Amino acid sequence: MVIRLKSLGKKGISRLLEISGEKKRILIFSVFLAAVSTIIQIIPYIASYKIISLYIDSFQNSVPVDTDAVFSWGITAVVSVLVSMLFNGGSFVLSHFAAFRIIFNLRLRLAKHLATLPLGYFTRVSTGEIHKSIHDNVDLIELFISHKIPDLVMTLSGAVVVFGLYIYADWRLGLICILVYVISLLIQFRIYGDDGVKEEIKGYFRALEDINATSMEFARGIPVLKMFSMSARSFASLKKSVLAYRNFALRFARRGSRDFIIFTILVNFFIFFIYPVVIFINASNPDDYGIVLTALFFTVLSNAILPSLMNIMSISNVIMTINEGVERIDAIFAVKPLPVPANPEKPRNYAVEFDNVFFSYHDDLPDNGSGEKNTERRHCVVNGVSFRVEQGKSLAVIGRSGSGKSSILSLVARFYDADSGSVKIGGMDVRNMSESCLMDSLSIVLQKTFMFEGTIRENIVAGRSGATDEEVLNAARLARCDDIIAKYGLDYYLGGGGNNLSGGEKQRINIARAILKNAPILLLDEVSSALDAENELLLNQALTELKKNKTIIMVAHKLNSVIDADEIIMIDDGRILARGTHESLLRDSEAYRNLWDMYVSADKWRFNAGEREQ
Amino acid sequence: MIQSIRNLTGNRTGKFFRSVFATSLCDLANFGGIIFICWLLYLLLNPYLGGERAQTLHLVLICCGCVAYMVVCFYASIPAYNANFVSTYNNSTRGRLKLAEHIRKLSLGFLSNLNPARVSHSMMKDFSNLENANSHIIPQLFSSLIITVTVFIGLLFYNAPLAISFFCCIPVALAVLCIVRFMGVRLSRNQMAASVEASSRLTEYITGITTIKTNNMSGSRFERLEQSLNRLRSESIRLEVTLMPFALTTMSCVGAGIGIMVMFGQYKLIHQEISVMEFLMLMIVASRSIAPFIAFSLNFMMLQYFSESGRNIGRLMSERPLPGTATELPDGNDLVLRNVSFSYEPGKKILDDVNLEIKSGSVVAVVGPSGSGKSTLVKLLARFYDPDSGSVLMGNIAEGRLTDISTIDPEKLMHRYAMVFQESYLFRGSVADNVILGKKDATSDDVRTVLKKAMVDFAGPDDTVAEEGRNFSGGERQRICIARCMLKDAPIVFLDEITSSLDVYNEFAVQKAVDELTRGKTVVMIAHRLKNIMHSDMIVVMDKGRIVDIGTHDELISRDGLYRKLWHQGGND
Ligand SMILES: Nc1ncnc2c1ncn2[C@@H]1O[C@H](COP(=O)(O)OP(=O)(O)OP(=O)(O)O)[C@@H](O)[C@H]1O
Ligand SMILES: Nc1ncnc2c1ncn2[C@@H]1O[C@H](COP(=O)(O)OP(=O)(O)OP(=O)(O)O)[C@@H](O)[C@H]1O
Ligand SMILES: [Mg+2]
Ligand SMILES: [Mg+2]
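Thresholds applied
- Residues numbered from 1 in each chain as written.
- Chains lettered and ligands numbered in written order.
- Predicted model: local features only at pLDDT ≥ 70, side-chain atom pairs only at ≥ 80, totals over all residues.
- Heavy atoms only, no water.
- Donors = N, O, S within 2.8 Å, 3.2 Å for Na, K, Ca; no water.
- Helix = DSSP H or I, 4+ residues; strand = E, 2+ residues; numbered from the N terminus.
- Buried < 20%, exposed > 50% of the residue type's maximum accessible area, 1.4 Å probe, protein only.
- Pairing = 2+ DSSP bridges.
- Domains from an automatic or database assignment.
- Near = heavy atom within 4 Å.
- Polar contact = N/O pair within 3.5 Å; in protein donor to acceptor, adjacent residues only side chain to side chain.
- Areas by Shrake-Rupley, 256 points an atom, 1.4 Å probe, with all protein chains shown as cover.
- Nonpolar A, V, L, I, M, F, W, Y, C, P; charged D, E, K, R; others polar.
- Contact = heavy atoms within 4.5 Å.
- Buried area = accessible area lost by both parts, 1.4 Å probe.
- Salt bridge = Lys/Arg side-chain N within 4 Å of Asp/Glu carboxyl O.

*Asks:* Please explain the coordination of the magnesium ion (ligand 4) as it appears in this structure.
*Replies:* For a metal with four tetrahedral donors the ideal donor-metal-donor angle is 109.5 degrees, while six octahedral donors give ideal angles of 90 or 180 degrees. Residues and elements named next belong to chain B. Surrounding the magnesium ion (ligand 4) are the protein donor atoms Ser 375 (OG) and Gln 422 (OE1), at 1.9 to 2.2 Å. Separated by 47 residues along the polypeptide, Ser 375 in helix H13 (residues 374–381) and Gln 422 in the loop between strand E6 (417–420) and strand E7 (429–430) bring together distant segments of the chain. Neither residue differs from the other here; Ser 375 and Gln 422 are each classed as buried.

Structure follows, in structure tokens:
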């Protein structure tokens, strides 16, 4: 059992080393120092035994004690304490440097990996869960590498040396000690043999991830909760996960408690078990005091090894959790990234083309706990769409909410891969382009704004690092951010999520970012939804300016911003319902005509004015 | 140290003493086993040092006694175990829920500066640290201290000079621990700050992954994340490696005690001041007590780190919630803003001397350029913030009975309000979970009805909602939020740009539904599409934090003001 656990831990560790690109050398050296330190630590105990036996011998043989020998053993004891501390310190420093480098690299690799995944992963798995794996589970690894491995080595080397000395001194008594220790280990590890425990640990991890995820959501959704939830206790999911976690923790603690206590007591008393034998031997041969001296030797030495023997207790716990932690990290690595082309190609121009594209968000829904996924919403959101936008032309995509407009843009940016058909830029399938090449050719303003925690400048510069202030200000001007910058300046610090800007201000900063990037293809998803009429008007003018030489695909609900587009496609349920210019659609498409009429009709929201005036 | 412990135990002293007592008892019992061993060894060795020979039966009886003692130890350990684990986990569960409850009551002003990573760090890490501290560190700290002191006193009686020689280095160890205390606090604080920073960078990275990807910033190119991880690394190394020499010094001090005692003891032996046997017994007991003392110093150091967690939680818990205690809600749903000025940050006035009367049952629209303070105005009406000066009143204007809402218990006040936020926010769970937030006793029929009214035709009540509603389109999320607001059915409704992501069909349908549901209610709505609000009872035009005009559409359009300008710019005739 112990062996199996250890080998699992090893596997975990070598896997980690592999992942993090860390050399084994440092760790091995650190482990070596730890072992040496433990062995040296035993010396003072041997010294004290030696001193006592010198006295007993002298008493027995009635000769004066060799005071020089006593003295030198005393010195040895003090010196060896200090030396062992030095080795211990060396091991500590090395293992920490290695451990922190390992987890640093591991985290970076995880972050890089995340960026290669299809976006569906982030729908399926909550931020809290990913965060838990990268932040907290990786911390566990640090604990393991920098503390537990040296501990384990110390225990092992200490045990080997002391038990070896025991066997050497008296194999019968030695065996008794080993036997007691092995039995106590077996008792303690008994629970880990139980398959239920693995499940239990999984549940424990899940509960922790859940707390992480819900508390993060909780923090972000506070305004909504304030308004709608009468008490946090009614915020059921948080409570549920907190309780689930407690139950797992307690059950786990209870489960092991008996074995755990027995283990502690047995180890604490292991030296006692030699005494019945010693008494027996001594009684049968009273003249021989050798066996009593041996018992003395055993007893004195037992004090040296006791703490390390105990240590194994916390290690076994950690090994279990670390295995689960590494498994979870590996699970992230196991998620298939979007395939990378072997020989990336460059687009010849910047026309965008959809060729009979089908797409659905397959399994991108999180489990709702029951394990089954709701199937009815798994239909195709893009249903055989074909179009072509020439370089420098613009395409407007309109349609009802939920008809698949944003999904079409996501496919251009290859956030997802189409199920069938192909999405091409300059005649090249986006799947054959390298990620950086693809992203360099696109500027995107997403429907949902995103702000970095940082200054306004940092937020805009994200579009193109190294842009000068002049360029930033120019992009800001085009995106109608002048008033924001006049009000706050470029160095205004925005909190997480850009909470200290208004909805429209965030949107404009996002637009400025995309404008600064100045890529040949511009994807705009509802970029003026939060803007007032004036800003919208001026922004549209600015975009017209910008449109020269750029391929534009824009999604809009406000039809007045699409009438200038070179082509408009009307989407319904993932299909193209009608296409053409504003004029031709007005002429030929009844659907478009209806939409347009509805849009321009002033008679919209009446608020039952008549009834109210009574 | 007392303070640290208070931070960690959250003042539950009764439970605390119980678990310390139980642990000490259990550890002492275990430690006490050494007496049997010494006794046996003494009796066995005695004949060879000129003493009496003990009867074998006597020895065997002692062995039996020892076995019995082990059983006693077993039963002594169980209460310690329970006291530590059960009460610890119950405490942290209670603490977590209490913190969540508390946070929800804080002012948004405080909360919007608090990043989500900070909150989740407290909910997770800080409480795990507390658990660890309460179930292991603190009980062990005390029990090991008690053992060390007991041994010291015992040895003192047995043979004072030798006992003192063994413990002579301990004052040095204690002095070192005191130094460490001060360093530890600072280092722990830095390390935790770095950890929170890294954690919020990471969250940012995950939630902004599309923006990061599209700007070619992924992986190590995302310097911000890399930098914060690097900082975390160096702070962590600093924390552990700086403290390491001190830890080793304390350990050496205790370890060296053995050596010193040996040297001193042999001097005494030579001068025949103690017997070999005495010396031997002292040595065995003393060397046994090294481990508890080392445990004490390590736990002491860790306590510094963990007590920072207690402080973090304490800091959040001591933040004052929005004031107001009156549980009686004013009678009447008129709202009045009187000379209200407000700023999020000192010196940056967002609302400047705003006066407004909103009659119960009327529909008031707020319009104006982006950033003019519309959402802020609504947030003040909803008491997410209290104004810097002036007051927000609720009641009955005609009868002159108005109550300042800042005197009312915020929880109670929320019963009056429902709101659709400018940015829709959905929680993980089902559609129904999200909608039902506002009204726990709603039946599934109620839910289905509002879903239908809010045009949520794309999903059923049981459909899964991913985090932030990521599996729905922008307009779909908005409609679910509208359903949530409708279901709450409160007398005062705030609608902040609720149709911004909707197409004209849905917009029309949603408007009709909202209209029907808000009949007779006070409605304050913000809109950029002026056509949508042209029929409201009153239109408030805002610019740069001031109300620049108030009137009906016809009145406003007839004046040459901001409203007319916006109206024409919106492409209207
Ligand atoms: N990540 C996702 N996982 C699963 N389903 C999704 C996901 N994103 C969108 N959907 C579903 O796909 C459909 C199309 O969504 P899309 O975002 O493309 O709509 P849209 O046309 O942009 O709508 P809107 O105008 O409201 O933004 C919707 O029914 C939506 O519920
Ligand atoms: N939490 C906050 N902290 C600091 N400043 C803020 C905060 N929220 C808003 N502001 C600032 O207050 C001003 C008014 O914001 P508000 O959200 O009220 O504007 P708005 O009229 O709703 O604009 P929009 O139409 O763009 O939503 C803006 O300049 C904004 O930068
Ligand atoms: Mg969309
Ligand atoms: Mg707003």
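*Asks:* Looking at this structure, I do not really get the pairing of strand E1 (residues 334–343) of chain B. What am I missing?
*Replies:* It is a general feature of regular strands that their side chains alternate between the two faces of the sheet. Residues and elements named next belong to chain B. Taking burial as the measure, the ten residues of E1 include eight buried ones, the bulk of the element. Sheet topology note: the E1/strand E4 (residues 389–396) ladder contains six bridges and is antiparallel. Within the sheet, the bridge partner assigned to Leu 337 lies in E4 and is Val 392. Judged from the six bridges that link them, E1 and strand E2 (residues 349–358) form a sheet pairing that is antiparallel. Its bridge partner lying in E2, Ser 343 is registered against Lys 349. Linking E1 back to E2 in an antiparallel pair, the connection comprises five residues, with Gly 347 at a positive phi of about 90 degrees.

*Asks:* How should I be thinking about the sheet that holds strand E5 (residues 428–429) of chain A in this particular structure?
*Replies:* As a general point, the strands of a sheet are linked pairwise by backbone hydrogen bonds and lie either parallel or antiparallel. Residue and element names in this part refer to chain A. Taken in spatial order, the four strands line up as E2-E1-E4-E5 in an open sheet, and their pairing is antiparallel. Sheet topology places strand E2 (380–389) and E5 at the edges, where each strand pairs with a single neighbour. Of the strand pairs in this sheet, strand E1 (residues 352–360) and strand E4 (residues 420–425) are connected by five bridges, and their pairing is antiparallel. The partner of Glu 353 across the bridge, within E4, is Lys 424.

*Asks:* So what exactly am I meant to see when it comes to the domain arrangement of chain A here?
*Replies:* Interface size, as often reported, equals the accessible area lost upon joining of the parts. Here chain A is described as being made up of domain 1 (13–334) and domain 2 (352–367 + 374–600). The distance between the C-alpha centroids of domain 1 of chain A and domain 2 of chain A comes to 55 Å.

*Asks:* Got a minute to help me understand the site of ligand 2 in this structure?
*Replies:* Ligand 2 sits among 22 residues. The nearest are Lys487(A), Ser502(A), Gly504(A), Ser375(B) and Thr376(B). At 2.5 Å, a side-chain N or O of Lys487(A) approaches an oxygen atom of ligand 2. Contacts to ligand 2 include Ser370(B), whose side-chain N or O atom sits 2.7 Å from an oxygen atom. Here ligand 2 loses 96% of its free accessible area of 630 Å² to cover by the protein chains. Listed by contribution, the elements that provide at least two residues to the shell around ligand 2 are helix H16 (482–488) and helix H17 (503–517) of chain A together with H13 of chain B. Across the shell around ligand 2, the residue classes tally to five nonpolar, 13 polar and four charged.

*Asks:* Looking at this model, I keep getting lost on the coordination of the magnesium ion (ligand 3). Mind explaining?
*Replies:* All names here are of chain A. Surrounding the magnesium ion (ligand 3) are the protein donor atoms Ser 406 (OG) and Gln 447 (OE1), at 1.9 to 2.2 Å. Of the two residues, Ser 406 sits in helix H12 (residues 405–412) while Gln 447 sits in the loop between strand E6 (442–445) and strand E7 (454–455), which places them 41 residues apart along the sequence. Residue classification places Ser 406 among the partly exposed residues on the basis of a relative accessible area of 23%.

*Asks:* Just to check I follow, could you spell out the pairing of strand E10 (residues 522–526) of chain B for this structure?
*Replies:* Residues and elements named next belong to chain B. E10 sits mainly inside the fold: five of its five residues count as buried. Side chains Thr 522, Val 524 and Ile 526 project from E10 onto one buried face, and the interleaved Val 523 and Met 525 project onto a second face that is buried too. As paired elements, strand E3 (residues 363–367) and E10 share four bridges and run parallel to each other. Residue Val 364 lies in a different strand from E10, and its bridge partner there is Val 524.

*Asks:* Please clarify how the interface of chain A and chain B should be interpreted in this entry.
*Replies:* The partner chain B presents 188 residues to the 188 residues of chain A that form the contact. For the pair chain A and chain B, the summed buried area comes to about 16900 Å², and 67% of that belongs to carbon and sulfur atoms. The interface formed by chain A and chain B holds ten salt bridges in total. A salt bridge links Lys125(B) to Asp136(A); the nearest nitrogen and oxygen atoms lie 3.4 Å apart. Between chain A and chain B we count 42 residue pairs in polar contact (both at pLDDT 80 or more) in total. Take the side of chain A that touches chain B: its biggest share by element is 25 residues, from helix H3 (residues 67–115) of chain A. Looking at the side of chain A that touches chain B residue by residue, the class counts come to 97 nonpolar, 48 polar and 43 charged.

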